[in-house]
Number of protein chains: 2
Amino acid sequence: MARTAFFISDGTGITAETLGRSLLAQFENSNIQMITKPYIDSREKAQNLAAVIEATAVRDGERPIIIDTIVDQTIREIITRAPGFKVDIFTTFLAPLEEELNTHSSYSVGRTHAIGQDDVYMQRIDSVQFALDNDDGARVHQYDKADIILVGVSRCGKTPTSLYLALQFGIRAANYPFTEDDLDEDGILKMPKALVPYRHKLFGLTIDPRRLAAIRTERRPNSRYCSIDQCLQEIHQAESLFKRFHIPYIDTTRFSIEEISTRMIAETGLQRRIRPR
Amino acid sequence: MARTAFFISDGTGITAETLGRSLLAQFENSNIQMITKPYIDSREKAQNLAAVIEATAVRDGERPIIIDTIVDQTIREIITRAPGFKVDIFTTFLAPLEEELNTHSSYSVGRTHAIGQDDVYMQRIDSVQFALDNDDGARVHQYDKADIILVGVSRCGKTPTSLYLALQFGIRAANYPFTEDDLDEDGILKMPKALVPYRHKLFGLTIDPRRLAAIRTERRPNSRYCSIDQCLQEIHQAESLFKRFHIPYIDTTRFSIEEISTRMIAETGLQRRIRPR
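All values derive from a computational prediction rather than experimental measurement. (Residues numbered from 1 in each chain as written. Chains lettered and ligands numbered in written order. Predicted model: local features only at pLDDT ≥ 70, side-chain atom pairs only at ≥ 80, totals over all residues. Heavy atoms only, no water.)

### What about the sheet that holds strand β8 (residues 249–251) of chain A?
Residues and elements named next belong to chain A.
Step number 1: With respect to topology, four strands assemble into an open sheet ordered β6-β5-β7-β8, the strand pairing being parallel. What marks the edges here is a single partner per strand, and that holds for β6 (173–178) and β8. Sheet twist, expressed as the mean angle between neighbouring strand axes with direction ignored, is 25°.
Step number 2: Relative to β8, strand β7 (residues 202–206) is paired through three bridges, and the arrangement is parallel. Note on β8: the bridge partner recorded for Leu 205 is Ile 250. (Pairing = 2+ DSSP bridges. Helix = DSSP H or I, 4+ residues; strand = E, 2+ residues; numbered from the N terminus. Axes fitted to C-alpha atoms, helices over the stretch in contact; angles between N-to-C directions.)

### Observations regarding the pairing of strand β2 (residues 31–37) of chain B
Residue and element names in this part refer to chain B.
Step number 1: Across seven bridges, the pairing between strand β1 (residues 2–8) and β2 is parallel. In the sheet register, Ala 2 faces β2, and the bridge partner there is Asn 31.
Step number 2: Note that the unit made of β1, helix α1 (residues 14–24) and β2 has a crossover that is right-handed. (Right-handed = clockwise from strand over helix to strand, strands pointing away.)

### Remarks on the environment of Gln 233 of chain B
Step number 1: Within the secondary structure layout, Gln 233 of chain B lies in helix α8 (residues 228–244).
Step number 2: Remark: the alpha-carbon pair of Gln 233 of chain B and Pro 209 of chain B, spanning 24 residues in sequence, is separated by 8.7 Å.

### Thoughts on the UniProt feature "binding site: ADP" (unreviewed entry) in chain A
Step number 1: In this structure's numbering, the residues bearing the UniProt feature "binding site: ADP" (unreviewed entry) are Gly 152, Val 153, Ser 154, Arg 155, Cys 156, Gly 157, Lys 158 and Thr 159 of chain A.
Step number 2: Residue position: Val 153 of chain A is located in strand β5 (residues 148–153). (UniProt positions renumbered as here; feature names shortened; annotations may be inferred.)

### Topic: the relation of the copies chain B and chain A
The relation between the two chain copies is a rotation about an axis coupled with a shift along that axis.
Step number 1: With an RMSD of 0.1 Å, the fit of chain B onto chain A corresponds to turning through 180° and sliding 0.0 Å along the axis. Here the symmetry operator amounts to a two-fold rotation axis. (Least-squares fit on C-alpha atoms with pLDDT ≥ 70 in both.)

### As for the interface of chain B and chain A
Size of an interface: often given as the accessible area lost when the parts come together.
Step number 1: In this assembly, 81 residues from chain B lie in contact with 81 residues from chain A.
Step number 2: Together, the buried faces of chain B and chain A total about 7,900 Å²; carbon and sulfur atoms form 63% of this surface.
Step number 3: One can count ten salt bridges joining chain B with chain A.
Step number 4: Between Glu 100 of chain A and Arg 63 of chain B there is a salt bridge, with the nearest N and O atoms lying 2.6 Å from each other.
Step number 5: Along the contact surface separating chain B from chain A lie 17 residue pairs in polar contact (both at pLDDT 80 or more).
Step number 6: When contributions to the side of chain B that touches chain A are tallied by element, the ones reaching two or more residues are α1, β2, β4 (85–88), α4 (89–101), α5 (117–133), α6 (158–169), α7 (209–219) and α9 (257–268) of chain B.
Step number 7: It is α5 of chain B that provides the largest number of residues to the side of chain B that touches chain A, a total of eleven residues.
Step number 8: Classifying every residue of the side of chain B that touches chain A by side-chain character gives 35 nonpolar, 23 polar and 23 charged. (Contact = heavy atoms within 4.5 Å. Buried area = accessible area lost by both parts, 1.4 Å probe. Salt bridge = Lys/Arg side-chain N within 4 Å of Asp/Glu carboxyl O. Polar contact = N/O pair within 3.5 Å; in protein donor to acceptor, adjacent residues only side chain to side chain. Nonpolar A, V, L, I, M, F, W, Y, C, P; charged D, E, K, R; others polar.)

### Structural notes on α6 of chain B
Step number 1: Between its first and last C-alpha, α6 of chain B extends 16 Å over twelve residues, near the 16 Å set by a 1.5 Å rise per residue.
Step number 2: Within α6 of chain B, the full set of buried residues consists of Lys 158, Thr 159, Pro 160, Thr 161, Ser 162, Leu 163, Tyr 164, Leu 165, Ala 166, Leu 167, Gln 168 and Phe 169 of chain B. (Expected span 1.5 Å × (residues − 1). Buried < 20%, exposed > 50% of the residue type's maximum accessible area, 1.4 Å probe, protein only.)

### A look at the packing of aromatic side chains
Step number 1: Scanning the model with the defined rule gives nine aromatic pairs over all chains in all.
Step number 2: On the numbers, 5.0 Å between centres and 35° between planes, the contact of Phe 242 of chain B with Tyr 249 of chain B is tilted.
Step number 3: Using a relative accessible area of 30% as the deciding quantity, one classes Tyr 249 of chain B as partly exposed.
Step number 4: An aromatic cluster is defined as three or more aromatic residues linked by ring pairs; in this entry it consists of Phe 178, Phe 242 and Tyr 249 of chain A. (Phe/Tyr/Trp six-rings, centres within 6.5 Å; stacked < 30°, edge-to-face > 60°.)

### Here's the deal with the pattern of salt bridges
Step number 1: Tallying each qualifying case throughout the model produces 30 salt bridges over all chains.
Step number 2: One salt bridge in this structure joins Arg 3 of chain B and Glu 100 of chain A, with 2.7 Å as the shortest N-O distance. In this pair, Arg 3 of chain B sits in strand β1 while Glu 100 of chain A sits in helix α4 (residues 89–101), so the two residues belong to two different chains.
Step number 3: By relative accessible area, which is 5% here, Arg 3 of chain B ends up buried.
Step number 4: Because the salt bridges share partners, they merge into one network encompassing Arg 3, Glu 62 and Arg 63 of chain A together with Glu 100 of chain B.

### Topic: the side chain of Asp 68 of chain B
Residue and element names in this part refer to chain B.
Step number 1: Relative to the assigned elements, Asp 68 resides in strand β3 (residues 65–68).
Step number 2: When its relative accessible area of 5% is taken as the criterion, Asp 68 is described as buried.
Step number 3: Here the side chain of Asp 68 touches Ile 70 through a polar contact of 2.8 Å, landing on its backbone nitrogen.
Step number 4: At 2.7 Å, the side chain of Asp 68 and the side chain of Arg 76 are in polar contact.
Step number 5: Among residues more than four places away in sequence, those in contact with Asp 68 are Ile 8, Arg 76, Val 87 and Ile 89.

### Some words on the sheet that holds strand β8 (residues 249–251) of chain B
Residue and element names in this part refer to chain B.
Step number 1: Spatially, the four strands line up as an open sheet ordered β6-β5-β7-β8, and their pairing is parallel. Looking at which strands have only one partner, the edges of the open sheet turn out to be β6 (173–178) and β8. Between one strand and the next, the sheet's axes are offset by a mean angle of 25°, whatever the strand orientation.
Step number 2: Two elements, strand β5 (residues 148–153) and strand β7 (residues 202–206), share three bridges in a ladder whose sense is parallel. Opposite Val 151, over in β7, you have Gly 204 as the bridge partner.

Given below as structure tokens:
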């Protein structure tokens, strides 16, 4: 039996959706279709959505689950009249918080986004630019300005992670890929010269060799680069280096980019320059 | 009077922090310091954190606010014994949801992250790679594969937005910057030839000219590129083009990257390839 959940907001919908997914993930055996409806900020949009909710209830034969962070009471009421099981985040938690803080809440649209937006924007732009400029070992002379330098073999997840760190936390992440140029005369991966002065900033990424081969195959099929032997060899070398130099590292096969990034911050004590919303 | 709020989780902490910031943003006049503590996944870590909370209560002269999504009950209890005003997300909402869904919740660690992680990872990698390959008009022959093409003047926010769309939603966003090459013989910005077949995929970004001048100054100080006259002129041309060709557009001065991206999705009806966690 399928059911539907609506995450509704007059803003981005990020809070309602994050909480909603987190709650509903606890019901793994229930077949729940999740729909996010951001920017429901007029009576007309609310009325249209209420009609959709009503049609969904009829189709499913069950009332939808409704998780909302709508601030405007007139709009909220229109949604409330639609058939649904309502999880009311703001009302549930704001009243006790008002009492605890001994003050009234402003309860105003999009309040989260109004604080220091300019600074946040500039920090993000700077950090994204830094990640792009210092992607893939392109430059090594800005490593003194890096908050962290991600190291690992080609295609192990360095670029997406460095961009996520930049966008979400304003952290300046450079990344350096190990290549054949970094092997010594015995074919052993050595610490690349450019990284020596910044050993304290290094964080390693590794990945399951089979997964790596699959990713590389999409990029360059039928090459030595994507062969399982080559991938096994490179990963073995990289992990040995991490252990030899006590570089902390994470296996990206097992974790999402959110987890990789937040684990790095937790392990290194890195300071975020901005806060996620 | 300063108070402290702790967002605590045995996972990434993203849910606790997102909800916490959203709730506390409603108390704009309260001076609340917010601290996120992810990966509190052992008794030892919990005991250390409980000690920190206790010390904070003494220092502030007020008990801290504690918003948590800890799943393990043993760990949770250690935190619960610390002095604090607790906002208990899971217990508050899961019980009524269990009743509504007529089933038990799994309430297991990091459940959200286990579903289809492989697909999500590949979609993200692909979309980030697409955004990078098609950044700044570098290539124009892949526009048939783009979900959306962001257009606007240099430094108006196209690159961070396209990367956010890729990382957060798996959307393939290319971007094309208007340059002097796109002016016709009368000095009027014309529709660039490479974009003509993809008019339906275009989305414009604009920005306050003063803000643009400030951003460009950081990149190339004392240039014509960063002068206010040049910025005014370019923005005027870009906005005229958007209006002339009925291209939807957003002013990045007023919105965060989250808002820009979610508004684009809402306005265009773009399908996300992945869901944010």
